[in-house]
Amino acid sequence: MKKIIYCLVALVAVVLASCSNDDIEVAQTGGLTLTVNTQAAYDQFNTTDEVREMLRTNTNTLHVMTFVYDIKGNLVTSKEQDQNTFNTVQFDLGSVPNGEYTVLTIETVMVQNKTTKKQESPAWNFEGMDKLSTVKATQKSYEVYYPYTIGASTDKIVVNNLTKASVTPKAIGSLFQFYFENFDKSSYIDVGFACDDMIDYYLFDPSLERSARFHTDLTSKGYTNVRCSAAIDGKSNVHQTRYILENNISYDFCFTKTAADSKKGTWTYYKSLHGKMALEDGKVYYAGSNYVDANTPMSVYLGNQEGFKAWVQTLNGQTTSIVPEIFTTWKADVSKVQSFMKGYTMTVGESGKAIKQTDGSYGIQYKGNGKESSIAYFFETATTSLYEADIIYAKNAVSDTDLKNYANTNFTPIADDEETKSYMYMSKDGKTIVVLQLLSDKNILGYVDMDYLNKNSVPKKDMPKYAMKMVTGKKR
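One structure accompanies this document, and this report is about it. Computed from a predicted model, the values in this text were never measured in an experiment.

Another aspect to go through is the packing of helix α5 (residues 305-315) against helix α7 (residues 400-410). Between two packed helices, the angle of one axis relative to the other and the distance separating the axes together describe the packing. Between α5 and α7, whose axes approach to 10 Å, the crossing angle comes to 20°. Relative to α7, the element α5 lies roughly parallel. α7 is crossed by α5, and the crossing has right-handed handedness. Touching Gly307, Ala310, Trp311, Thr314 and Leu315 of α5 are Asp402, Asn405 and Thr409, all from α7.

Attention now moves to unusual backbone geometry. Phi is positive for Asn46, which is not a glycine, with a value near 60°. On the secondary structure map, Asn46 appears in the loop between α2 (40-44) and α3 (48-54). Positive phi values are uncommon outside glycine, yet Lys421 reaches one of about 55°.

Now for the sheet that holds strand β14 (residues 199-203). Read across the open sheet, the four strands follow the order β7-β8-β14-β15; overall the sheet is antiparallel. Since the sheet does not close on itself, it has two edges, and those belong to β7 (124-127) and β15 (214-216), each with one partner. Averaged over all adjacent pairs, the angle separating strand axes in this sheet is 20°, with direction ignored. Bridge analysis of β7 against strand β8 (residues 136-139) gives four bridges, and the strand direction is antiparallel. Among the inter-strand pairings, Glu127 is bridged to a residue of β8, identified as Lys136.

Turning our attention to the side chain of Thr163. Structurally, Thr163 can be placed in strand β10 (residues 162-167). Judged by relative accessible area, Thr163 falls into the buried class, the value being 12%. If we skip the residues at most four places from it in the chain, Thr163 touches Gly31, Leu32, Thr33, Ile157 and Val158.

Relative to the assigned elements, Gln83 resides in strand β3 (residues 75-83). A polar contact is formed between the side chain of Gln83 and the backbone oxygen of Asn87, at a distance of 2.8 Å. Excluding its chain neighbours within four sequence positions, the residues that come into contact with Gln83 are Thr38, Leu55, Thr61, Leu62, Thr88 and Val89.

Reading the values: the criteria
- Residues numbered from 1 in each chain as written.
- Predicted model: local features only at pLDDT ≥ 70, side-chain atom pairs only at ≥ 80, totals over all residues.
- Heavy atoms only, no water.
- Axes fitted to C-alpha atoms, helices over the stretch in contact; angles between N-to-C directions.
- Helix = DSSP H or I, 4+ residues; strand = E, 2+ residues; numbered from the N terminus.
- Parallel < 35°, antiparallel > 145°, perpendicular 65-115°, else oblique.
- Left-handed = near helix turned anticlockwise from the far one by under 90°.
- Contact = heavy atoms within 4.5 Å.
- Pairing = 2+ DSSP bridges.
- Buried < 20%, exposed > 50% of the residue type's maximum accessible area, 1.4 Å probe, protein only.
- Polar contact = N/O pair within 3.5 Å; in protein donor to acceptor, adjacent residues only side chain to side chain.

In structure tokens:
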């Protein structure tokens, strides 16, 4: 019996010896308290006051969610809170082992479900919270109104005993201010803005590049993705605000023509009202569509606020700061053009005489007085027969968008080539072909005599390329 006891004592001694402090890993438990600043995302979009008014009702709340993930991306703990103000939120996340964590915080406005009485987002489902790599926002509706923007932040936080940290969600996605002008003059019922594709879901994983966070459901491609719609109802100005969570959009300004179309959701799209744009997080974009009459192409704009203001000026006829007045009385003498251009400095040409160019034409050129760098005129002979006038801009003197808006407002679109950024128009009187070329180093707005093209027996199908080559392709 004594031998058995002796053996047991010896065994215990061996076990204790093998469990020395050097071999035992003890998880030291700390605590994490997080302060969330909730207003910044709405300040970015300048919607703080409007959303604050919404939150005064008991049914609308600012829903704030925080998720804590370990270094493997697994969820450790989380907290959520609804509130009716933009006050800071303090989350006591309790006992959290010391170490490094990724803290994801998401906020958006939610409303009370009338049946369940629970707070829900009308625009988004938030899913996949168990792992950082799968957390996503899935879009529930085509049109997302501005209160339902999303703010988000991901922060690396090291917990060491009792740790306090502060995070500030910032706006993701973009806000759009839409202005539809003068559609009360039309017979249309609704105005709208559509995208070819719509996001299926957005991933919050911070390890992904921004472009990789957007996942688009290509099966929904087509005319059904109306992101903003509004009834005209006899109003001369229709203003709407929407939120779009996309990386890039291919868009159309659109409208419904009849009451039957409106009921069926049948929208009309014109190629000339189509465009593409890369979007940035936290940025406000301004979009405008202007109706003139049934015989005049609509003018549209999409870009920043400064460009929008310039576009509005073009609608009011205030275009001299962008495009100077030039001489386009075709077949005129050189001396008449020079008389018109008094006040400009001629850099190429002589009194009453144009200089022969390498392509056989004759030209004179002037230094610009405004945003244009130069103005050039071309003639069939050294003294007469004006057939082309070009306005040349340094690349950043006037934005591509402003020049396109000017051309779309003042001329009728007849052809375009997005790959080369070349656009062709017809003047209202049908006497002039207008060519806009947005080149890598400069922009050119060129005017060509239609009779000159016809006289040279240029087939109509070849006129776009021929005229564009005249404006930019010849070595003069």
